[in-house]
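# Descriptive analysis of the structure
As a plain string of letters, each chain reads:
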Amino acid sequence: MRRALTVFHALGLVLMVFSIAYLVPIAASYIYDDGALIDFLMAMAWTFFVGLFMWLLTRKYKGELSIRHGYLLVVGMWTAMPVVATLPMLLMLPELSFTDAYFEAMSAVTTTGATVLTGLDALPPAINVWRHEMEWLGGLGIIVLAVAILPLLGIGGRQLFKAEMPGPMKDAALTPRIADTARNLWVVYAVMTVICALSLKWAGMGWLDAVCHAFSTMGLGGFSTHDASIGYFNSPLIEFVMVVFMLVAAVNFASHFLAWHGKTLKVYLYDKEAQATLGLILVSCFGIASFLWWNDIYSEFSTALRYATFNVVSIGASSGFASTDYGQWPIFAPLWMLFVGCIAASSGSTGGGIKMIRTMVLFKQAGREFVKLLHPAVVDPMKIGGRVVTNNIVFSVLGFIFLYFMTIATLTFVLLISGMDFISAFSAVLACVNNFGPGLGAVGPASTYAVLSDFQTWVCTFAMLVGRLEIFTVLILFTPHFWRR
Amino acid sequence: MKILILGAGQVGSTVAESLVSEANDITVVDFDGEKLRQLQDRLDLRTLAGNAAHPAVLEQAGIADADMLLAVTQSDEVNLVACKLAASLYNTPTRIARIRSADYLERPEIFNEDNFCVDFSICPEQILTDHIARLIEFPEALQVLEFAAGKVSLVAVRAVEGGPLVGRPLRALRTDMPKIDTRVAAIFRQDHSLNMSGDTVVEAGDDVFFIAATEHIRAVMLELRHMDKPIRRVMIVGGGNIGRRLARALENNYQVKLIEYSKKVSASLAAELTNTLILNGDGTDEKLMQQEHISDVDVFCALTNDDENNIMSSLLAKQGGAHKVIALINRSAYVGLMQRGNIDIALSPAQVTIGSLLAYVRQGDVEVVHSLRRGAAEALELVAHGDRKSSKVVGRRVEEIDAPKGATIGAIVRGEQVIIAHHDTLIEEDDHVIVFVNDKRMVRKIENLFQVNLGFF
């Protein structure tokens, strides 16, 4: 119990800090005078005082956070944040149920970008800004988490993203203190978001759209202020700008930081994971464009390339914008996009899924098995970008992949039991666990998740949380070991 | 000359042995008293047990009036400190250090007068690695030795039945290859040097030493034997300093497999090398060799620290079908034993590396020394100074020079130009002259020849 109270104490503090985030929609509400000002002020006050209350009540239990506390805090934070984030939506949209509001908020903070709302164009600007800001914070949160919490797990996170950048460069440039590292990454992220917003404005968006889309592009979220998503703008230039920034966001932010810090692009030469991420996505763009052109979906190759590029990058990098209803394309194309979305994003980026580094680790592990069969005496450590990846990491990646597939299979079965058709159920689970948003069939890009029953909505909400926290963090709370002293 | 040698390891004792015979006063310092006693039993020199990086020890060893310091201990750091001390406390004129770590070698400024005061640094492992790499590049040769920054090479090659020149007199070389100039420096038949003339007939099994511009050596070798198929697969046993360097040098051009006994060393090798297949196992395990297709291996190199292991694994490899085997053998008695047997090339690390040290010890302006035939013969690159009056070589034709019997002037490098020496070639000032001496006792006479006669100034 004491342990839980210590976590509550920290959680209270986080909530108080989090209430600052309301200032952005409050400003938007003030500027656009959309009548949401009072509701947002109330939501901010509620969040602050609930946090303060929790903090004061548990101040006796203030203490060091241990590794276990870390997991509890992370999961607590990621479940509590969407709760308070629903406040303005519930206040502003009385017909919205809590289930749907929570789904929407969870979709935002996990940067999934799946929505239950329709009539986005008519929403008060403040609500749209709020949804997009949540995505932006969620994207950043993941990086901070990856850096700050994951090394304790021995999976993914730091060890992996340390492994992909060789030599002294990374150790020298990334600061010795985790807080400094997190702060530096934050600065890079914020600066890029500002550049993205300005580029989108330049490409033809209004200020509100530019800011909102910059938030959701850099966070690889996928929310849009329009029902038709990016199809609304029908502008190749806007699509191009967003493609560039989505690709930037799909690369490890540590690499961006090092490149920025050292004023050199050489960093990317050593970042084998980024190369694989970009390579896979770009090859897929051309492949799908050719496929669509070959099948006469588009008569011009350039048109095919335009639509294929935007949608493949969007799903592949796990954001979830759509510029057309790609659910209508022959089934190979959307399924391949989902597949790319599962593996393509780099670790330490704002994208979701397995992460490219784990794919590379497993790929190389398979190669090692072959070599081992041919040369039983061989000593063949796994190397990525010239650095050795220890067997411990390989094993934890194997464990992760097992849990990942089991999670997808189990949740798909649960949705099937609840009465969904296979392609909708499977694609919905994939889209939620990998945080890319739109699935296929009933939850395709032209539709929303509003069609789901309450139970199915909760299943998808859980899938988003599990996927975003890379499974271990959430599931560890369900192991008896965790609660044993 | 008074010479202080720090370290009585393989390098230190070989250098000592070689220098003692040239009438120098040698003092050897080492930690290990037992090693020193063995050395003193064999050689006429003084020894001192102690830490070679301590001033008191150096002083006791007589550094104050030493002409040269050779710091060749196992530790780079001790060698560096000793050189620094010798320079700042005792003003020792020449300081040579053995430096192995590439980290130091990549930053030459740390050796200069402001820092560690090392006049020359040598890295025996690197010399040996380069030597083996050249043998793999020219698989037909027994030895390939470079002079004048690689412009000229001295090559030893065994004549084989079927080579165009085999069974014919040497003068046929000129008619066979009118465009290529080369000079046969010596022929050894059954370990005895022949007295050569243009009529000497080359027989199969002769070891022929010839000197030629480096770009011509392949053509000359073709005269003496058919060309082997180019080397693709290399197997190395032993991942120590030499095996590691060799694998790194070869791995991008050849298929390299490296067998290392220690698990820990294997792991670190595998982390460092990218294209080499590292195998953890015993180099004398014939099952492992067969598993790794020893019969397809073009060159097998046994490079562990242990002579017996190297010999055994080379013999096994040869029996298993390896095309050519090279073994590193420290004990000179074994080298002689093995050279004519199943091992194609028995390399003595000391012989390969000693030359680089000897060049600094010799009188006259000696650029390069290569020790040959287990130290019995030598090839030198000397610089001719002075003029016709003060020098015994400058301004004279090759035939006019009073060279001892058994010494052959093979080639002259003048600036960038390579001139193969003939009886009427004129030697000019600052020429680099490459001399082959088939009996080491004549080296001193050669050195004297090239010394400038001070009496004329």
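Residues numbered from 1 in each chain as written. Chains lettered and ligands numbered in written order. Predicted model: local features only at pLDDT ≥ 70, side-chain atom pairs only at ≥ 80, totals over all residues.

### Digging into the sheet that holds strand β4 (residues 68-71) of chain B
Residues and elements named next belong to chain B. One open sheet holds the six strands; their spatial order is β3-β2-β1-β4-β5-β6, and the pairing between them is parallel. At either end of the open sheet lies a strand with only one pairing partner, and these are β3 (46-49) and β6 (120-122). Neighbour to neighbour, the strand axes of the sheet diverge by 15 degrees on average, direction disregarded. When strand β1 (residues 2-6) meets β4, the two strands line up parallel, connected through four bridges. Following the sheet pairing, Leu6 is matched in β4 by Ala71. Strands β1, β4 and β5 (94-98) of the sheet are contacted by helix α4 (residues 76-90), whose axis makes an angle of about 170 degrees with β5. (Pairing = 2+ DSSP bridges. Helix = DSSP H or I, 4+ residues; strand = E, 2+ residues; numbered from the N terminus. Axes fitted to C-alpha atoms, helices over the stretch in contact; angles between N-to-C directions. Contact = placed C-beta atoms within 7 Å.)

### Some thoughts on the interface of chain B and chain A
Facing twelve residues of chain B, the contacting portion of chain A comprises eight residues. Partitioning the side of chain B that touches chain A into residue classes produces seven nonpolar, four polar and one charged. Judged from the two bridges that link them, strand β1 (residues 378-379) of chain A and strand β14 (residues 276-280) of chain B form a sheet pairing that is antiparallel. Directly across from A:Val379, in β14(B), lies its bridge partner B:Ile278. (Nonpolar A, V, L, I, M, F, W, Y, C, P; charged D, E, K, R; others polar.)

### Some remarks on the pairing of β14(B)
Two faces, one strand: in a regular strand the side chains alternate between the faces of the sheet. Residue and element names in this part refer to chain B. With five of its five residues buried, β14 lies for the most part within the structure. What you see with β14 is no split at all: Thr276, Ile278 and Asn280 on one side and Leu277 and Leu279 on the other are buried throughout. Relative to β14, strand β13 (residues 255-260) runs parallel, the two being bridged by five bridges. Bridging from a neighbouring strand, Lys257 pairs with Leu277 of β14. On the question of chirality, the crossover connecting β13 to the parallel β14 by way of helix α10 (residues 263-272) is right-handed. (Buried ≥ 20, exposed ≤ 12 C-beta atoms within 10 Å, placed from the backbone. Right-handed = clockwise from strand over helix to strand, strands pointing away.)

### Some thoughts on the confidence of the model for chain A
Close reading of the predicted structure is inappropriate where its pLDDT is low. On average, chain A scores 84 in pLDDT, and the residues at 70 or more come to 90%. A low-confidence stretch, residues 149-173 of chain A (pLDDT under 50), is modelled with 62 contacts involving residues beyond four sequence positions or located in other chains. (pLDDT = per-residue confidence, 0-100.)

### Brief notes about the packing of helix α5 (residues 98-109) of chain A against helix α21 (residues 454-468) of chain A
All names here are of chain A. Interhelical geometry of α5 versus α21 gives an angle of 20 degrees and a closest axis separation of 10 Å. Taken as axis vectors, α5 and α21 run roughly parallel relative to one another. Crossing of α5 against α21: the hand is left-handed. Each of Thr99, Asp100, Tyr102, Phe103, Met106 and Ser107 in α5 lies in contact with α21, whose residues at this interface are Asp454, Thr457, Trp458, Cys460, Thr461, Met464 and Leu465. The residue makeup of the contact of α5 with α21, split by class, is seven nonpolar, four polar and two charged. (Parallel < 35°, antiparallel > 145°, perpendicular 65-115°, else oblique. Left-handed = near helix turned anticlockwise from the far one by under 90°.)

### Digging into unusual backbone geometry
All names here are of chain A. The backbone phi angle of Asp296 is positive, close to 60 degrees, even though this residue is not glycine. Tracing the backbone shows Asp296 in the loop between α15 (272-294) and α16 (301-316). In this structure, Ser318 is a non-glycine residue whose phi angle is positive, near 70 degrees. Within the secondary structure, Ser318 sits in the loop between α16 and α17 (332-343). Owing to 31 C-beta atoms within 10 Å, Ser318 belongs among the buried residues under this scheme.

### What to know about the domain arrangement of chain B
All names here are of chain B. Examined at the domain level, chain B breaks down into domain 1 (2-122), domain 2 (139-224), domain 3 (233-347) and domain 4 (353-456). For domain 1 versus domain 4, the separation of C-alpha centres amounts to 28 Å. If you look at the interface, domain 1 gives eleven residues, while domain 4 gives eight residues. Counting only elements with at least two residues in the side of domain 1 that touches domain 4, the list comes to α1 (10-20), β4, β5 and β6. At five residues, the largest contribution of residues to the side of domain 1 that touches domain 4 is made by α1. Taken together, the residues of the side of domain 1 that touches domain 4 break down into eight nonpolar, three polar and no charged. (Domains from an automatic or database assignment.)

### What about the sheet that holds strand β9 (residues 182-189) of chain B?
Residues and elements named next belong to chain B. Pairing within the open sheet is antiparallel, and its five strands lie in the order β7-β8-β11-β9-β10. Each edge of the open sheet carries a strand with a single partner, namely β7 (141-147) and β10 (192-193). Examined bridge by bridge, β7 and strand β8 (residues 152-158) share six bridges and lie antiparallel to one another. When the sheet's bridge partners are listed, Leu145 is paired in β8 with Leu154. Where helix α8 (residues 217-224) meets the sheet, it contacts β7, β8, β9 and β11 (207-213), and its direction lies at approximately 20 degrees from that of β8.

### Comments concerning the environment of A:Ala105
Residues and elements named next belong to chain A. Mapping Ala105 onto the fold places it in helix α5. Among the residues examined, Ala105 registers 25 C-beta atoms within 10 Å and is labelled buried. Not counting chain neighbours up to four residues away, the residues in contact with Ala105 comprise Pro82, Ala85, Thr86 and Met134.

### Some points on the confidence of the model for chain B
Summary statistics for chain B give a mean pLDDT of 85 and a share of 98% for residues scoring 70 or more. Quick note on the complex model: pTM equals 0.77, ipTM equals 0.71.

### Comments concerning the pairing of strand β15 (residues 299-302) of chain B
Residues and elements named next belong to chain B. In β15, alternate side chains face the same way, and those of Val299 and Cys301 on one face and Phe300 and Ala302 on the other are all buried. In the sheet, strand β12 (residues 233-237) pairs with β15 via four bridges, with the strands oriented parallel. Within β15, the residue paired with Val237 across the bridge is Ala302. Looking at chain direction, β15 and strand β16 (residues 324-328) are connected through four bridges and run parallel. Bridging across to β16, Phe300 finds its partner in Val325. Regarding the hand of the β-α-β motif, the stretch spanning β15, helix α12 (residues 307-320) and β16 is right-handed.

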